[in-house]
Amino acid sequence: MSTLFEPWKLGRIELANRVVMAPMTRNRADVAGVLPDSAATYYAQRAGAGLIVTEGTQPSAAAQGYPGTPGLHTDDQEKAWSRVADAVHAAGGRIFCQLMHTGRICHESLIPADAQVVAPSAVRADVEVARADGVMVPAPEPVALDQAGIAQVIEDFAAAAARAVRAGLDGVELHGANGYLLHQFLSPGTNVRTDAYGGSPENRARFVVEVTAAVADRIGADRVGLRISPGGQFNDMADKGNEDTYLALAEALAPLRPAYLHTLRRRSSPLHTELRRRWPTTYVLNTGYLGGSELDDVAPLVGAETDLVSVGRLFISNPDLVRRWREDIPRAEWDESTFYTPGDAGYTDYPSWQGSDA
Ligand SMILES: Cc1cc2nc3c(=O)[nH]c(=O)nc-3n(C[C@H](O)[C@H](O)[C@H](O)COP(=O)(O)O)c2cc1C
């Protein structure tokens, strides 16, 4: 019997079930990085998830890598997030904000004129990035962060986390997956530094450990999660064979006891078994892209391989996914063409199931 629908204690909060809505960028924010009121509706509609992890959100203006992503570094952005937090809580849900610095996956037109596209090392990604006007162009060569730059990014994450808590959000998830800045530090292909942040597995893990520690120090470790994608190749990453870095990361973070580790994986492997064994608190698994995210795919994993599972696209088209799973109600299909388009279509207009309502 799966324990998917049973409660779970996550840090200082109680989750109603073990299904997490995975972080998903939806590009509905305005040019100032402020979410529209419809974002509160969108997230509240999905409050039946045990925990919502929001779309990737920039902790500073310099951290933005896509048009229309929200920020959490101005008062107006914080106010919009507090509307989201209030709406989700009123609907009985829990919500962490994903903080994302895109590093080298960024076009300079998206960031302030005095900011630079940064990364651990000056290694260009062989991908296209979006300009502020939405046109896709080759990624620029990033500038390697110096010590002062590293300290600034760490402070930006901590300051954004403080704003998240002030806005009433339950915590933050640090985006260490999918080829963005934190992942770029972890990977030997993107991190060729010769200082304390590169070279050995422990050194490659150092930046992520320092970001996590600084955020934990500001808002409490039990309000901080971390997402990783070991071996992930998205955004021109060469992360295969990098298991030692992830083990060093888990080792260094374990004494801090962050709220959770959220791992994207395609299939089970010795690394994942070992990560879960070493991780002292909640473990979250996303088997999405290749392993599948339907009930039959994820329910057997809960209790056996993970504490919680996260699910992405099904939550876009099924705001009441957990109820549909529990009551065996058919699931609606998502429409990819509206994942990233402005407006309410494909955002707040997927209905909850009405069929069997008494
Ligand atoms: C529209 C869309 C946007 C996404 N944006 C993010 C993001 O901002 N941060 C992140 O960590 N993952 C992001 N992802 C990855 C999802 O969190 C998830 O891992 C992926 O969709 C696979 O799970 P699924 O098969 O259940 O959808 C995104 C995925 C989709 C489909």
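Residues numbered from 1 in each chain as written. Predicted model: local features only at pLDDT ≥ 70, side-chain atom pairs only at ≥ 80, totals over all residues. Heavy atoms only, no water.

## Some words on the overall build of the protein
Then, number 1: A tally of helices and strands in the protein yields eleven helices and 14 strands.
Then, number 2: Whereas a compact globule of 358 residues would reach a radius of gyration of roughly 21 Å, the protein reaches 19 Å, a difference of no more than 12%.
Then, number 3: Judged by the C-alpha coordinates and their principal axes, the protein covers about 65 × 45 × 35 Å.
Then, number 4: Considering only contacts in the protein between residues 6 or more positions apart, those separated by 24 or more positions represent 70%. (Helix = DSSP H or I, 4+ residues; strand = E, 2+ residues; numbered from the N terminus. Rg over C-alpha atoms; globule rule 2.2 N^0.38 Å. Contact = heavy atoms within 4.5 Å.)

## Some points on helix 7 (residues 270–278)
Then, number 1: Those residues of helix 7 lying buried are L271, H272 and L275. The arc enclosing the buried residues of helix 7, seen along the axis, measures out at 95°, which places them on a common side. More than 90 degrees from the buried face of helix 7, the exposed residues found are P270, T273 and R277.
Then, number 2: Looking at the buried positions of helix 7, the neighbouring elements they touch are strand 11 (224–228), helix 6 (243–253), strand 12 (260–264) and strand 13 (282–286). (Buried < 20%, exposed > 50% of the residue type's maximum accessible area, 1.4 Å probe, protein only. Arc of directions from axis to C-beta.)

## Examining the packing of aromatic side chains
Then, number 1: Counted by the stated rule, this structure contains eight aromatic pairs.
Then, number 2: Summarising the aromatic geometry, the rings of Y43 and W81 are spaced 6.4 Å apart at their centres and angled 35° between planes, so their arrangement reads as tilted. Taken together, the residues span a long stretch of sequence, with Y43 in helix 1 (residues 38–45) and W81 in helix 2 (residues 75–90) at a distance of 38 residues.
Then, number 3: Classification of W81 as buried rests on a relative accessible area of 1%.
Then, number 4: An aromatic cluster is present here, built from Y42, Y43, W81 and Y347 joined pairwise through their rings. (Phe/Tyr/Trp six-rings, centres within 6.5 Å; stacked < 30°, edge-to-face > 60°.)

## Focus: helix 5 (residues 201–219)
Then, number 1: End to end, helix 5 covers 27 Å across 19 residues, agreeing with the expected 27 Å (1.5 Å per residue, within 8%).
Then, number 2: Every buried residue of helix 5 is accounted for by N203, R204, A205, F207, V208, V209, V211, T212, A214, V215, A216 and I219.
Then, number 3: At the C-terminal side of helix 5, G220 shows a positive phi close to 100°. (Expected span 1.5 Å × (residues − 1).)

## Points about the packing of helix 6 against helix 7
Then, number 1: Viewed as axis vectors pointing N to C, helix 6 and helix 7 meet at an angle of 10°, and their least axial separation amounts to 9 Å. Looking at the two axes, helix 6 sits roughly parallel to helix 7. Facing E243, Y246, L247, A250 and E251 of helix 6, the residues of helix 7 in contact are L271, E274, L275 and R278.
Then, number 2: Classifying every residue of the contact of helix 6 with helix 7 by side-chain character gives five nonpolar, no polar and four charged. (Axes fitted to C-alpha atoms, helices over the stretch in contact; angles between N-to-C directions. Parallel < 35°, antiparallel > 145°, perpendicular 65-115°, else oblique. Nonpolar A, V, L, I, M, F, W, Y, C, P; charged D, E, K, R; others polar.)

## A closer look at the nonpolar core
Then, number 1: Ranked by size, the top nonpolar core spans 82 residues in total, and within it L174, F207 and L249 carry the most contacts.
Then, number 2: Looking at which element gives the most residues to this core, the answer is helix 5, with nine residues.
Then, number 3: Leave out the neighbours within four places in its chain, and L174 touches L99, F157, L182, V211, T212, V215, V224, G225, L226 and R227.
Then, number 4: In this structure, I13, L15, Y260 and L308 belong to the second largest nonpolar core, which totals eleven residues. (Core = buried A, V, L, I, M, F, W, Y, C linked by side-chain atoms within 4.5 Å.)

## What about the packing of helix 5 against helix 6?
Then, number 1: Running from N to C, helix 5 and helix 6 cross one another at 40°; their axes reach a closest spacing of 8 Å. Classified by the interaxial angle, the pair formed by helix 5 and helix 6 is oblique. With respect to the hand of their crossing, helix 5 and helix 6 are arranged in right-handed fashion. Here P201, E202, R204, A205, V208, V209 and T212 of helix 5 lie close against helix 6, whose contacting residues are D244, T245, A248, L249, A252 and L253. (Left-handed = near helix turned anticlockwise from the far one by under 90°.)

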